[in-house]
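Fold and contact review
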Amino acid sequence: MTTLVATDLDRTLVHSARAAGTVPDGVVCLERRGGVATALLTPRTAQRLVALDRRAWWVPATTRTVAEYERLALPRLGVAPRYAVCANGGVLLVDGVPDAAWSAEVARRLARSAPLPEIARRLGTSRDADGCFLVARGAQPDGLAAWCAERGWRVDAHRDKVHVLPVALTKSAAVAEVRRRTGAARLLAAGDSPLDADLLAAADAGIQPVDGRLYAAGWRADHVAVTSGRGLAAGEEIAAWLLRGLRPR
Ligand SMILES: [Mg+2]
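Predicted model, so just to flag it, every value in this text is computed and none were measured.

Membership of the largest hydrophobic core comes to 67 residues, with the highest contact counts inside it found for Leu30 and Leu77. Ranked by residue count, the leading element in this core is helix H9 (residues 231-245), at 5 residues. Beyond its immediate sequence surroundings of up to four residues, Leu77 is in contact with Val28, Leu30, Leu41, Ala46, Leu49 and Val50. Among the nonpolar cores identified, the runner-up in size contains 12 residues, and Leu123, Leu144, Trp153 and Val162 belong to it.

The following block contains the structure:
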């Protein structure tokens, strides 16, 4: 039975030095920005990802843009997922190339929301992520969420970073497309943030880290486990849980 394993990356499987907690010796670094490690994982997590990639359809599902995803040195681990979901579902990479059919489908779905430039003007930002959504820095303008909701957009704010996305732009929609193409019978998922809730909800089973924003927001589901560890340890636990989930029950 084929299983599709769709996972968020940042703060789920890889952690910045700031989010990592205790950093053990031999930790693997997949990305550095401005001299700071921004994507760490333990050798055990790395080994488990290689095993996942061999034994299932492992599909990274991230809000990172394509360029940000490509900055991660996944090939260093010896893994090259056939499918990867970027831009929170806006881009489906197939063998590293954006899939035109999926992009056309996304454009159709997003036509129900107000156009991006209108939202960009309200936000006072022109920083779009692969043309799919907007990222702004600083405090969230008053009434932004309600204003966006009226226009078919939603807001996810964390620290000084505000993501504003069309309601229809979801990881779960892109992962459903991969599931259709691969014919995978089961879907396992992992994620830590409110933008992962739809993916976890759509999965047959999933796992979220106990130190994630989604957990902190009170999100729970009977079919979604919670790690006991935090930071890099949670990453190890999630990878192990997903591997165990590949075994027939
Ligand atoms: Mg995340």
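This paragraph deals with the pattern of salt bridges. Close approach of charged atoms allows side chains with opposite charge to pair. Following the criterion strictly, the structure yields 18 salt bridges and no others. With its nearest N and O atoms 3.3 Å apart, the salt bridge here joins Glu236 to Arg44. Of this pair, Glu236 sits in helix H9 while Arg44 sits in helix H1 (residues 43-55), placing them 192 residues apart in sequence. Residue Arg181 pairs with Glu177 through a salt bridge whose shortest N-O separation is 2.8 Å. Of this pair, Arg181 and Glu177 both sit in helix H6 (residues 171-182), 4 residues apart, which is roughly one turn of that helix. Look at Glu177 and you get buried, because its relative accessible area is 12%. A single network of salt bridges, built from pairs that share partners, joins Asp10, Glu31, Arg33, Arg64 and Arg71.

All buried positions along helix H4 (residues 116-123) are accounted for by Ile119, Ala120 and Leu123. Looking straight down H4, one finds that the buried residues subtend no more than 105° of arc, so they occupy a single side. The elements touched by buried residues of H4 are strand S9 (133-137), helix H5 (144-149), strand S10 (153-158) and strand S11 (161-166). Phi turns positive one or two residues past the end of H4, at Gly124, with a value near 70°.

Now for the coordination of the magnesium ion. Distances from the magnesium ion to its protein donors, Asp8 (OD), Asp10 (O) and Asp192 (OD), fall within 2.1 to 2.2 Å. As a motif over one chain, the donors of the magnesium ion read D-x1-D-x181-D. Judged by relative accessible area, which is 6%, Asp8 ranks as buried.

Strand order across the open sheet formed by 3 strands is S5-S6-S7, with antiparallel pairing between neighbours. The open sheet has two edge strands, strand S5 (83-86) and strand S7 (97-98), and neither has a second partner. Here strand S6 (residues 91-94) pairs with S7 via 2 bridges, running antiparallel. Looking at the pairing, Val94 lines up with Val97 of S7.

Once that is clear, we can look at the domain arrangement of the chain. Looking at the chain, the domain boundaries give domain 1 (3-105 + 169-245) and domain 2 (113-166). Computed from C-alpha coordinates alone, the two centres of domain 1 and domain 2 are separated by 24 Å. Contacts between the two partners involve 15 residues from domain 1 and, on the opposite side, 13 residues from domain 2. Between domain 1 and domain 2 lies a buried interface of about 1100 Å² when both sides are counted; carbon and sulfur atoms form 54% of it. When residues of domain 1 are sorted by the area they lose upon contact with domain 2, Leu169, Leu195 and Arg213 head the list and together hold 47% of the total. Viewed at the interface, domain 2 and domain 1 are joined by 1 salt bridge. Asp156 is the salt-bridge partner of Arg213, the closest N and O atoms lying 2.9 Å from each other. Where domain 1 meets domain 2, there are 5 residue pairs in polar contact (both at pLDDT 80 or more).

Cut-offs used in this document
- Residues numbered from 1 in each chain as written.
- Predicted model: local features only at pLDDT ≥ 70, side-chain atom pairs only at ≥ 80, totals over all residues.
- Heavy atoms only, no water.
- Core = buried A, V, L, I, M, F, W, Y, C linked by side-chain atoms within 4.5 Å.
- Buried < 20%, exposed > 50% of the residue type's maximum accessible area, 1.4 Å probe, protein only.
- Helix = DSSP H or I, 4+ residues; strand = E, 2+ residues; numbered from the N terminus.
- Contact = heavy atoms within 4.5 Å.
- Salt bridge = Lys/Arg side-chain N within 4 Å of Asp/Glu carboxyl O.
- Arc of directions from axis to C-beta.
- Donors = N, O, S within 2.8 Å, 3.2 Å for Na, K, Ca; no water.
- Pairing = 2+ DSSP bridges.
- Domains from an automatic or database assignment.
- Buried area = accessible area lost by both parts, 1.4 Å probe.
- Polar contact = N/O pair within 3.5 Å; in protein donor to acceptor, adjacent residues only side chain to side chain.

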